[in-house]
Every structure is written in structure tokens, then in C-alpha cells.
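Summary of structural features
These are the residues of each chain, in order.
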Amino acid sequence: MDETYDVIVIGAGHAGVEAATAAARMGCRTMICTINLDTIGQMSCNPAIGGLAKGQLVREVDALGGIMGQVIDQSGIQYRMLNRSKGPAVRAPRAQADKKLYQFTVKHILEQQEGLMIRQDMVNALEMNGHKVTGVLTQSGRVYKAKTIVVTTGTFLKGLMHMGEAKIGGGRMGDARAEHFSDDLRQLGFDILRLKTGTPPRLNGRTIDFAGLEIQHGEEPPPQFSFQTERIERPSLPCHITYTNEKVHQIINENLHRSPMYSGQIEGIGPRYCPSIEDKVVRFADKAAHQIFLEPEGENTLEYYCNGISTSLPQDVQSQIVHAIAGLENADIMRYGYAVEYDMVPARQLYPWLETRLVENLFHAGQINGTSGYEEAAAQGIMAGINAALRVRGEEPFILGREEAYIGVLLDDLVTEDPREPYRMFTSRAEYRLLLRQDNADRRLMKYGWKYGLLPETAWKKLEQKEKQIAETIAFMDKKFLDQRSLVQHLRRPEQEYDDIEAMSPELKALELSEAVREQINIQVKYEGYIKRQELQVIKMHELEAEALPADVDYSAINSLSNEARGKLDHIRPLTVGQASRISGVTPADISVLMVYFKGGRALPRMAEVNSNPL
């Protein structure tokens, strides 16, 4: 059997499956190698996809030709559009998933993918030729050759689980850990850090008293994630809401000394924006209660996920906490919560296209880069898979700008900010979020998915028809007058929506436009002024992004820079003046110094030159 590949993907979590399918669909002979084939695409923590900013990422992955949106449309058990009553910039889809159906659907897609081979094995080391990676060495003794490697190891690099005083080796409860791979990366010169994440207990729904708890239903009709989904036909299951209380907080405070987080047992840094319940109680001591969502894990199971009480406290303390919560007094704990520590490689050691600076043809994606969340992982995975395939073809890397996608914001933040805690995407991180809405991800990004061969022709034709309908309808509305105002002017009035305008015009109603087209017209017309303002900001930003910084700059020799700027610039090595301007500690005055220094001494290369010769 020929075991030489164009692309090898290490790991089959949410980053790995997107990377592997993207590379295979681009015509590369691809292999995905994972410790356990039965956990491909597994939801290790929350059985849900999407949410604020995360839903935007999923729709962008879908527009590029990824699989996450289609999978959740086929496996969800409750769908909602968050912030529907607010402006379009902050609306986002979210869905509860049937956890096992989601996982099996992902595995089925991978098994059907032409050009993709699947192997169960553990990678222990990379095979190198100088500064180039040429293959992987596995635990079984096999050597697989490859032109490019994508590493998506999640929490498995020296994973260590904590439950009170107990410590168990593994990247996830019930699964082994990768013991040697991060040692190999360290020997190659990579900096390695430890991060921490956690998960809550799961309960048997048969033993939960739902009477008196707040119920939360999904929306009808369900909002879909994938632009290729015509309609969702899935059963809808409700979630329930309960709260912690003073007794729960007292139990936690009395047992903090047994928490690995506070005893010093855990070394890794945890996610600030998804804290454990013990961390919430300590940090928000004045808060009398914290919300808990009881989320079903599937259509054919009674297991419930307790979203809001992630913990690493001992089992006996977890039992006390759960049984002190309203509705859970007699709940049977099927799985206890735990924290997991793991090795990661700070993303400042990557180029914006996710290739490592130290090793040529080696790409990193997902939690190895310091992110948290399925959606952030999937976004990195598809970008790494595309760029690994482009490297095999000898083509320029694919980089999304901050003004083009949340994915662009994510990758730029990772390689620029050098985060030392698990990174989570928020709408507030995107300065052009009115342009980067979840509803227009297809209009922004499908051109790339089509260009790289990741989308079927039907999806592209559907977008072309949508664009045609939007343009022609707005043109008609601009020329059609009623009460001395055009229909466009009527729609711009705050109290008017597209449905109101359609009621005024039989011609509009006769068009029978889809809800997606009507939504685009409504937003495009009503927010035209705000959108143009952000587009002008983008033009100004491009002036900085177009100026690339030489790779061999000795920042310590630029005396006019502040000491902090010299250190940060030397540490992160930004590729452009725009990227340098986003580094914490680099002031506008420092940016002015850079512009004057390079234009006075040597010409700044254009960004296109950097892209065409990335190494």
C-alpha cells in the first residue's frame, strides 16, 4: 500500500475533520490519523454548536465549503437565533446537538470523502529533512510520508485530567493522551505552554425534577446554519434553566482547598470567559446565584449536560453541589465534571496562514494554538487544510483579512496578540462586525470556497441567483415611488420593514422572494449609511496592511521605538505595519517611527511580495 500523501492531518476533532475534508476536496491525497476512530468529531464538552460570534464562524466555515454547518443541520435537537431583537451585527444562530448523531454524521462524511484515507494510530514524532517536515512516525512503528502536515491535537498533548486530588492521564475522560509528540515539538525549537479547560457533570434526566424550572424551547421554523440547507426537519427538545444558590456557594467556599485550581495542583491557565463554578463563586462573591442550563445530549438518551457548573472539585463535593440546586435534589450524576491540562504551542510561532515559522510545510490548527471552542477549531481547521493544499500545489497562501471574516479576526488575533489563556471569539473582537454578519457570510466568502473547489456548483448557482434578485429588487424599489417617496426611502424609515413595503407594492409581492433575500434587502437598505462608514474605515486600514515589514528587521537598533515596542515587535515579528499596530504595547507613535524609518532607509515591500514568497 502506498503510504505517501500530499497532506496528513493529525487528530480528528473539529479542526482535524475540516482540514482533512478541505485538503481532499482540493484534490490532495490526504490521510487523517487519530487515536480512536470511534471519537471522530466528538463533542467533548457542550453538546451545542454556534452562539454569539461562534455562530458567525460556523456560517463562514460553511461558506468556504466546510462541513460543520451541514452536520449540525442534520443532527440538531433545538435551534435558536440569538439576539434576534437586536441589530443584525450581533445576531447569531445556536443549536443543541444530538451528540452521538453529530459525531456519527461527521465520521460518515469523512468515510465517503474521495481522496481521504482514515487511520487509527498515534503520532509520536515528525520526520524531518532539515527545516522541512516530510512525514510522521507513529506509535505502531509506521512511517507515513507527506508533503505537508496539519497538527490538530486538541487537549491530548500530555493531557492530564483533574478531579479533586485525583489525577488521570488522558486528553478526554476515557481516552489516552499523546505522551511524546509535544516533546518532539519542543526539541524542534517550539515554545510550549500549558493551558487548562474543564467540563461539568452530566445527569440522568429521569431523576431531574423539571416541575418549577424555567423551560426554553427552540424556534419554529428552525434557523439553519448551512447555506446549502433548504429546511431543517428535526425533532425539537426543550432545555431547562435553574440556578445556584447561597448553599451551593457555601459548599464551594468550604471546599476550595480541595479544588486543583486553588491548591496549586493545576499549572495551566484556564479560560477567563468560561470559568469553572468555583472560579465564578470566588470572582463574583457578591452574586447570589449563577444560571445553569440543563441541556439534553440527544434524542435517544436521557443524559443532560449542566451548562454553567464546570468544575474540577472532588466527586463527593460535586454531589453536594448538584443536590443543593433546585430541581436536582435527587439527580443521579452519570458523569462527574473534571478539568484537563494540556500542552499547546503559542500561535505567535505561526504565519497568518497557520504554517509554522520554524518548520516548513507544518501547519497547526485548533486548541494547539491556544483557542477554546468547537467553532474556533473548525475555522482554523479549514484554513489550515486549504493552505496545506495550496502549499502542495505551489500556490500563494490564503489569508482572510479582519474586514473579510471573523475567521480573519481570529487568526490575526492569534498570531498577533500572543494570548496566554484559552482564546474565545466575541463579536466585540471584530471592529467591522456590521460588515461581518452571520446572514451575509455566503456573499462574503463563497467566492473563495468556489475558487478552491470546496463547494458544489449548486451552491454557487444559488448564490448567483440570490445576488441577482437582491440587486434587481433594490433597483426596482429605488425607481418605484409611492406618496412622493421611493420604496427604498420608505424602507429606510425606522418603523418600516420589508414586509411593510411589500404590502404597499403588488409588484414586490409578486416576486415571492425567499426569506434570505428579503433579509438582505432589508439590512442593505436600512443600514446603508453605517455600512458605507465601515467600508471607508476598511480603506484606511488597507493602507497599513499593504505595507509589509522586512523579515530580518533588527528592532533593537531602532532607537526611536519605545523599549516595550522593541521587545514586542522582536517577539512577535509582525508581517505588516497593520499587524504591528494591533500588538499590545505598540503605540501609534511607534507605528509612525516604523513608517518613517523604513521609508527613509529602505522601501517597505508590498504585502503581495510577502505572500508570493512566504518563507
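Everything below is about the structure printed above this text.
Because the structure is a prediction, the values reported are computed rather than measured.

1. Points about the sheet that holds strand β19 (residues 338-344)
Read from one edge of the open sheet, four strands run β11-β10-β19-β12, paired in antiparallel fashion. The open sheet has two edge strands with one neighbour each: β11 (166-169) and β12 (193-199). Averaged over all pairs of adjacent strands, the angle between strand axes in this sheet comes to 25 degrees, irrespective of strand direction. Across three bridges, the pairing between strand β10 (residues 160-163) and β19 is antiparallel. Its bridge partner being in β19, Leu160 is matched across the sheet by Glu341.

2. Focus: the side chain of Thr356
Following the sequence through the fold, Thr356 ends up in the loop between β19 and β20 (362-364). Only 2.6 Å separates the side chain of Thr356 from the backbone oxygen of Val359, close enough to count as a polar contact. Not counting chain neighbours up to four residues away, the residues in contact with Thr356 comprise Phe190, Gln349, Leu350, Tyr351, Leu362 and His364.

3. Here we look at the side chain of Ser310
Mapping Ser310 onto the fold places it in the loop between β17 (303-307) and α9 (315-323). Engagement of the side chain of Ser310 in a polar contact is seen with the backbone nitrogen of Thr199, the distance being 3.2 Å.

4. Notes on the packing of aromatic side chains
Tallying each qualifying case throughout the model produces seven aromatic pairs. Taken together, a centroid distance of 4.7 Å and an interplanar angle of 5 degrees make the contact between Tyr351 and Trp353 stacked. The exposure class of Trp353 is buried, given its relative accessible area of 1%. Where Phe398 meets Tyr448, the ring centres are 4.9 Å apart and the plane angle is 45 degrees; that geometry is what we call tilted. Residue Phe398 is found in the loop between α10 (374-393) and α11 (406-417), and its partner Tyr448 is found in helix α12 (residues 441-451); the two are separated by 50 residues along the sequence. Among the aromatic residues, those joined into a cluster by ring pairs are Phe398, Tyr448 and Tyr452. The ring of Phe227 has Arg59 sitting right over it, with the charged end atom 4.1 Å from the ring centre. Cation over ring: Arg429 sits above Tyr423, and NZ or CZ is 4.2 Å from the ring centre.

About the criteria used
- Residues numbered from 1 in each chain as written.
- Predicted model: local features only at pLDDT ≥ 70, side-chain atom pairs only at ≥ 80, totals over all residues.
- Heavy atoms only, no water.
- Pairing = 2+ DSSP bridges.
- Helix = DSSP H or I, 4+ residues; strand = E, 2+ residues; numbered from the N terminus.
- Axes fitted to C-alpha atoms, helices over the stretch in contact; angles between N-to-C directions.
- Polar contact = N/O pair within 3.5 Å; in protein donor to acceptor, adjacent residues only side chain to side chain.
- Contact = heavy atoms within 4.5 Å.
- Phe/Tyr/Trp six-rings, centres within 6.5 Å; stacked < 30°, edge-to-face > 60°.
- Buried < 20%, exposed > 50% of the residue type's maximum accessible area, 1.4 Å probe, protein only.
- Lys NZ or Arg CZ within 6 Å of the ring centre and 35° of its normal.

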